[in-house]
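Coordinates in review
So you can see what is in the structure, the chains are spelled out below.
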Amino acid sequence: MKSKGLKTFFHNLLLAVLAFIWIIPIAWLLFTSFSSYDGINTSSFFPKEWSIKHYVQLFQPDTVAQFPRWFLNTFVIACFSCVISTMFTLMVAYATSVMRFKMRKPLMNVAVILNLFPGMLSMIAVYFVLKMFNLTNNHLGLILVYSASSGLGYLIAKGFFDTVPRALCEAAKIDGCSESKIFFKMIIPLSRPIIVYTVISSFLAPWMDFVYAKIILNAGISSQYTVSIGLYRMLDKSLINSYFTLFCAGGILISIPISILFMLMQKFYVEGVTGGAVKG
Amino acid sequence: MASKKKKSAGQAIGGFFKAIGGFFAEFGKAVAKGDFFTKLSLIWMGAGYARRKQYIKAIIMTVLEAAVIWFTVAFSTRYVPKFGTLGTVKAEMIFDPVTMKNIMNDYDHSFKILLYSLICFVVWFTFFIIWIKNVTNAYKLQLKAQNGEHINTFIEDVKTYKDEKFHITLLTLPVLGIVIFTVIPILLLILVAFTNYDQNHMPPTELFTWVGFDNFARLFGGGGLSSTFGYTFVRVLGWTLVWAFFSTLTTYIGGILLSLLINNRRTKLPKLWRTLFVVTIAVPQFVSLLLVRNFFANGGIVNTFCEAIGLTGWLNDIGLISTSYIPFLSAPGWAHVMIIIINIWIGVPYQMLIATGVLMNLPADQIESARIDGAKPRQIFAKITMPYMLFITGPTLVTDFVKNINNFNVIYLLTEGVYTTTNQALANSQAKEVDLLVTWLFRLTQDYYNYKMASVIGIMVFIICSVFTLVAFNRMIKGDREETFQ
């Protein structure tokens, strides 16, 4: 009995050690954000003087750091691209999963091939296309970048729709339901987990993304930035010594809402994805 | 297995050509057997519909046809004829005798010619399909009229788009988005790979032109002594594959081990532990990775710590480092190992989540019966849990491998601006030891405007990814399995 208790103790100790290692950098981020010093503190883990002045400073924009503005920009972009991507993803997923038509298989094969091209490659060309239409350094351009190709990411939602019993749709059809009615009145209400997952993940994409925003918003106009490039700029070699703590504070503030959404999403992710996969 | 794969691939290709053949056969039949109005639809697209009193459709088709003709005359003629040369008139200032000022001449913009020609080709291709489809439709209408069947009114036609043609309604916008934002860009860059579009040939001031396979030859070591692209490509490709292999393997194994550890019945508060690990990936990567990069900086806090406990001095003594700090992210070797370790930090929680999901869905009845039959926990683990886990998550290994080949964030955020290469050959090609093909490609375009080589590298990345995926293609694409559980 005693050895069993000891085993349990060591088991949990091991987990604690691992969790400790995993959490150190995040803890450093949190502690540093409360430092009163502007640059990087390289001599000790905890700040020498504690203060919340950098959180206050975040809401007093200067020429470099315009956090409230960035937050608003990202929020607007995220809302629009979330609506468009969710619609596109669900539309493609339903069409490929539930409906049967001649071009279904060929289209799915093309999607597989297109997904193999590095996104970076097409993005460089997208930049030129957007430039021709004067959409670079423009939030509309960024929204299009995030959402226009979202139909290609339909596989997870399709995997979920595949698990909806076909007999249900057949029965509805015999009762005289049109395909659109089946889609809106049956499949959508049945697919709450995957819809929540799609909504959250497409809402999060602009908050997490860094590269695409950097390519499209390349003119260096600070008021146009999204949070990610704004924060990235703060760590520029010439700025890091006066903005590092502010970066940490901004990082914490932005991480809180994102983490909450992320936690929500991963619950639905596990429900929607593995649930479907396992039944297969 | 191999023969089976070959067969299914052959079938897929055969089916594809069959479909195309059928498409044209239908068209041929329509042209041969159609009446006057069906044949007239070859020239006037609304003819067939107008004859069957589908006037609204006739008008729509006529307007579409007129629009495409107008597009061809007013727009395409300015660019497509120059597609073969990509322009010959260089931009320069000329003296205008009317206004007595220097003005820009009517110059050719190579990139505009390339892009707009490509758009024209796509538009024409689409129109061609619609045109053929239109004639076959006219023929179908003719047959219906001859047999005295009911011919849909416009309202009825619209209604079919809510029912049996609902997929067209659903797919039109997403496909349009994909064509404009993925297909056209990819085609464009494939074309650029065959031109000399780089810093010395930047429109609008300079022209660029077709160079055939020169860029590919250069990547594979051609181009004489001045070219170091061949050497760099091999180096970068090598590291890309090593990175993709180790990062995939470590996070996969680590994730499964961690999920087993957390979901063990000895664990107190499993939810708390899971949350702690997930927090690290819930923080956006550009925050966490930029932070870690400063954490491990040459003058950073980890170095301060290592110096305090004497680790730096000891490493100096045994000759592993020759600096007064540990170059975690700034020396080859060190940086490579650190990047993979930091990636474990980022990647394991992800895999843990997926593995947890699988563990929770273990076939409970099998485990129960095994237990009744007297199997020990270890046996259950080795004979049921692990095989099941590998079966479900195995295919993700391939997708993860491809994802890691293209893992831009980790490499770029950790090393950009921190790591400087001392290898002259690499530096000449604007690469570093820690670059992946995608980060190299990114730097070539963003900082050096070397679009031709970037496109070639992009194509190589695509080929590598497709080879790996093709190997696992039949397993991953559950096209044939999808209906078994509906």
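Residues numbered from 1 in each chain as written. Chains lettered and ligands numbered in written order. Predicted model: local features only at pLDDT ≥ 70, side-chain atom pairs only at ≥ 80, totals over all residues. Heavy atoms only, no water.

1. Some remarks on a positive patch on the surface
Taken together, the side chains of Lys4(A), Lys7(A), Arg265(B) and Arg378(B) present a region of like positive charge at the surface. Mapped onto the elements, Arg265(B) comes out in the loop between helix H9 (229-262) and helix H10 (270-282). Assessed through its relative accessible area of 67%, Arg265(B) is described here as exposed. (Patch = residues over 30% accessible without salt bridge, like charges linked within 9 Å, V, L, I, M, F, W, Y side chains within 5 Å. Areas by Shrake-Rupley, 256 points an atom, 1.4 Å probe, with all protein chains shown as cover. Salt bridge = Lys/Arg side-chain N within 4 Å of Asp/Glu carboxyl O. Lys, Arg positive; Asp, Glu negative; His and termini not counted. Charge placed at Lys NZ, Arg CZ, Asp CG, Glu CD. Helix = DSSP H or I, 4+ residues; strand = E, 2+ residues; numbered from the N terminus. Buried < 20%, exposed > 50% of the residue type's maximum accessible area, 1.4 Å probe, protein only.)

2. Regarding unusual backbone geometry
The omega torsion across Pro203(B) and Pro204(B) is 5°, close enough to zero to call that bond cis. Not every positive phi belongs to a glycine, and Asn137(A) is a case in point at roughly 55°. Take Asn137(A): it is sitting in the loop between helix H5 (119-132) and helix H6 (139-147). One non-glycine residue, Tyr449(B), lies in the positive phi region at around 55°. Within the element layout of this structure, Tyr449(B) appears in the loop between helix H19 (437-446) and helix H20 (451-471).

3. Describing the domain arrangement of chain B
Residue and element names in this part refer to chain B. Taken domain by domain, chain B consists of domain 1 (22-212) and domain 2 (229-479). Distance between the C-alpha centres of domain 1 and domain 2: 45 Å. Taken together, the 10 residues of domain 1 in the interface contact 8 residues of domain 2. Taken over both partners, the interface formed by domain 1 and domain 2 buries close to 750 Å², and the fraction arising from carbon and sulfur atoms is 69%. At the junction of domain 1 with domain 2, the criterion picks out 1 salt bridge. Across the pair Lys-452 and Asp-198 runs a salt bridge, and its minimum N-O distance is 3.1 Å. Across the domain 1-domain 2 interface, the total number found is 5 residue pairs in polar contact (both at pLDDT 80 or more). (Domains from an automatic or database assignment. Contact = heavy atoms within 4.5 Å. Buried area = accessible area lost by both parts, 1.4 Å probe. Polar contact = N/O pair within 3.5 Å; in protein donor to acceptor, adjacent residues only side chain to side chain.)

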